[in-house]
Structures are given as structure tokens and as C-alpha cells.
Amino acid sequence: MAHITVVSSATGAAGKSFVSTALADSFTRINGAGRVLLLDLCHPFGTLDAFLSKSEERLFDLGDILDGRCDALSCELDTPIGFRLLPGCIRPDWTLQHNKFKALLFELGDRYDEIIIDCPSYDIQRIKSAFSLRATGIAVTPLSPFSVSLTSRLADMFFSSGAENAFLLINRFHCIKGLPVPNLDDIIDQAGLRLIGIVPQTVFENGESVKNTADAFFRIAQRITGKTVQLPDLYNL
């Protein structure tokens, strides 16, 4: 049975879908091509297929599977990175049916090693469906005090929905030498979750990235799978 990771954020523009995609990439580096599925629950926006430039290839979506118009294999899309994408429903009037989605997760779990569910926090029913099988929750937040304070509510939603484990992921972290480092203990206490990792803010010099976010996500994916990976110095993320 696949390991399931549910990625969500308490506020918009936290980088949730970017984090979901990057984790799918990292899990593919660990498990190999074709062993990881990224599933979009953010209907009706079609976020992930647009993000991955797959909108033109979409023939069916999650709604079509659960409504009986196609099977999962007909809906899934290959990505150049090596993982597969199951696009979210784009019909505004569509409603996710919990029992059918749970049955689909069982089916998908036999074919994949890892399933990452990109899930919004504004719909508790979708959160509950995402955690209908044993799953790990990842709450994504930038360092914004407002976002951090709301993350504790998201943590409560995770656990009340049946999360096996839940963790905090700090996104777009930026630390300037000579200035005080943000107090991570305070952030963790406010969020009410254990820290799984920190992703640096992408910084460019002469057109090239000088902060390797891919390495940060790979460390996080390893921690999710249970490996002990030390957090690097905050100035050298």
C-alpha cells in the first residue's frame, strides 16, 4: 500500500502546489519513475496540470473517475520529471464523494509507492477525504505571522480528520547574515506541529539560482519516509 502525504496550507500564496510538485519530484528520485502519483484535490481550478503545462493533454479528471466515466489509468498523465499526475475536477458544481474517493485511494495505493495529495484547507470535507486512509499531513507556511498563527487551526483539522502524523514545512525561508535568525521554536509553538523541514527562498545571482531548493525538498522527502536527516545551518540552506 502506498504511503500517502497530504499537503495543505492555512492561507493562500503559501506555495502549497509548488511544495506538492517538488515533493513528488523528490519521491521520484527516491522510488524511481512511475512509482509516485501527484493528485489534485483543488477543484475547480486545475492548478497542477496548468502548473506542469499538462492542461492540453487532459482528457479526463478526478471527477470523471468518481462519476464512472473513465478509469484512473485513462485519467493519469505522465510528467517529464517521472511521476504521474491525476488532474483535479474542473467542474464548479462537482462535489467530492467521500466513499468513492476512499475506494479510489485503495486502488491507487496498489500501483504506487507514494501518493501526494494537493489539498486546500477551505473545505473540511476534502481534508477528511484526503485522510480517509492512513496519511501524513504537511502544513506549508511562509514566515508571515498571520500564516503561522492560522496553521494551528490547520493542524487541528489534520488530526480531527485522522492524520497519522502531521508536520510543519516552512517555505521561502530567508536568512541574512548579520541579522537575527527567526526564532524557530516560537514558530513551531504557534503552529502546534513538529518541523519537518525548511525550504529556502529562491535567490538568483547572474540569472542562476544560488539556493538549492531541490536539496531541501529531497531532505524533507527522506524525513517523511522515516530517515534521520540533520537540518543544515540556516544560513546555508
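Relevant structure appears above.
Residue positions are given per chain, counting from 1 as you read along its sequence in written order. The predicted nature of this model means local features are confined to residues of pLDDT at least 70 and side-chain atom pairs, given and counted, to a pLDDT of 80 or more, with totals for whole chains, interfaces and linings taken over all residues. Heavy atoms throughout the structure, all of them, feed into the side-chain values; hydrogens and water do not.

Visitor: Whenever I open this one, the pairing of strand β8 (residues 194-200) confuses me. Can you help?
Guide: Put simply, side chains in a regular strand alternate between the two faces of the sheet. Counting buried positions over the 7 residues of β8 gives 5, a clear majority of the element. For two strands to count as paired, DSSP must find a minimum of two bridges between them. In this description a helix means any DSSP run of H or I spanning at least four residues, a strand means any run of E spanning at least two, and both kinds are numbered starting from the N terminus. Sheet topology note: the strand β7 (residues 165-173)/β8 ladder contains 5 bridges and is parallel. Paired with Leu168 across the strands is Leu195, a residue of β8. Between buried and exposed lies partly exposed: a residue is buried under 20% and exposed over 50% of the maximum accessible area for its type, with that area taken using a 1.4 Å probe on protein chains only.

Visitor: When you look at the packing of aromatic side chains in this model, what are you seeing that I'm missing?
Guide: Geometrically, a pair of aromatic rings is defined through the distance of the ring centres and the angle of the planes. Only centres within 6.5 Å qualify two rings of Phe, Tyr or Trp (six-membered ring in Trp) as a pair; their planes then separate them into stacked at under 30 degrees, edge-to-face at over 60, and tilted for everything else. Tallied over the full model, the rule gives 2 aromatic pairs. Between Phe18 and Phe217, the aromatic rings sit 5.7 Å apart at their centres with planes inclined by 75°, giving edge-to-face as the arrangement. Taken together, the residues span a long stretch of sequence, with Phe18 in helix α1 (residues 16-31) and Phe217 in helix α9 (residues 213-224) at a distance of 199 residues. A relative accessible area of 35% places Phe18 in the partly exposed class.

Visitor: Help me understand the pairing of β7 in this model?
Guide: Among the 9 residues that make up β7, 7 are buried, leaving the element largely enclosed by the rest of the structure. Relative to β7, strand β6 (residues 135-141) runs parallel, the two sharing 6 bridges. Residue Gly137 lies in a different strand from β7, and its bridge partner there is Ala166. With its strands directed away from the observer, a crossover is right-handed exactly when the path from the first strand over the helix to the second travels clockwise. Handedness of the β6-helix α7 (residues 145-160)-β7 crossover: right-handed.

Visitor: Help me understand unusual backbone geometry in this model?
Guide: Note on backbone geometry: most residues besides glycine have negative phi, and most peptide bonds are trans. Cis geometry marks the peptide bond from His43 to Pro44; its omega dihedral reads 10°. Structurally, Pro44 can be placed in the loop between β2 (36-40) and α2 (47-51). Its identity as a non-glycine residue notwithstanding, Arg172 has a phi of 60°, on the positive side. Here Arg172 lies in strand β7.

Visitor: Would you explain the environment of Gln201 in this entry?
Guide: Looking at where Gln201 falls in the secondary structure, it is placed in the loop between β8 and β9 (204-205). Assessed through its relative accessible area of 33%, Gln201 is described here as partly exposed. Here the alpha-carbon distance between Gln201 and Asn171, two residues 30 residues apart in the chain, equals 7.2 Å.

Visitor: Is there a simple way to think about the nonpolar core in this case?
Guide: Nonpolar side chains in soluble globular proteins tend to be buried together. Of all hydrophobic cores here, the largest spans 45 residues; its most connected members are Leu39, Leu41, Leu62, Phe101, Leu108 and Ile117. When residues in this core are grouped by element, the largest group, 5 residues, is from α7. Contact definition: two residues touch when any of their heavy atoms are within 4.5 Å. Ignoring any residue separated from it by four or fewer positions in sequence, one finds Ile117 in contact with Ile4, Thr5, Val6, Val7, Leu39, Leu41, Phe101, Leu105 and Ala130. Residues enter a nonpolar core if they are buried and are Ala, Val, Leu, Ile, Met, Phe, Trp, Tyr or Cys, with the set joined through side-chain atoms within 4.5 Å. Counting 25 residues, the second-largest nonpolar core is a separate cluster that includes Ala22, Ala24, Leu38 and Leu48.

Note that all results are geometric; they support no functional claim without further evidence.
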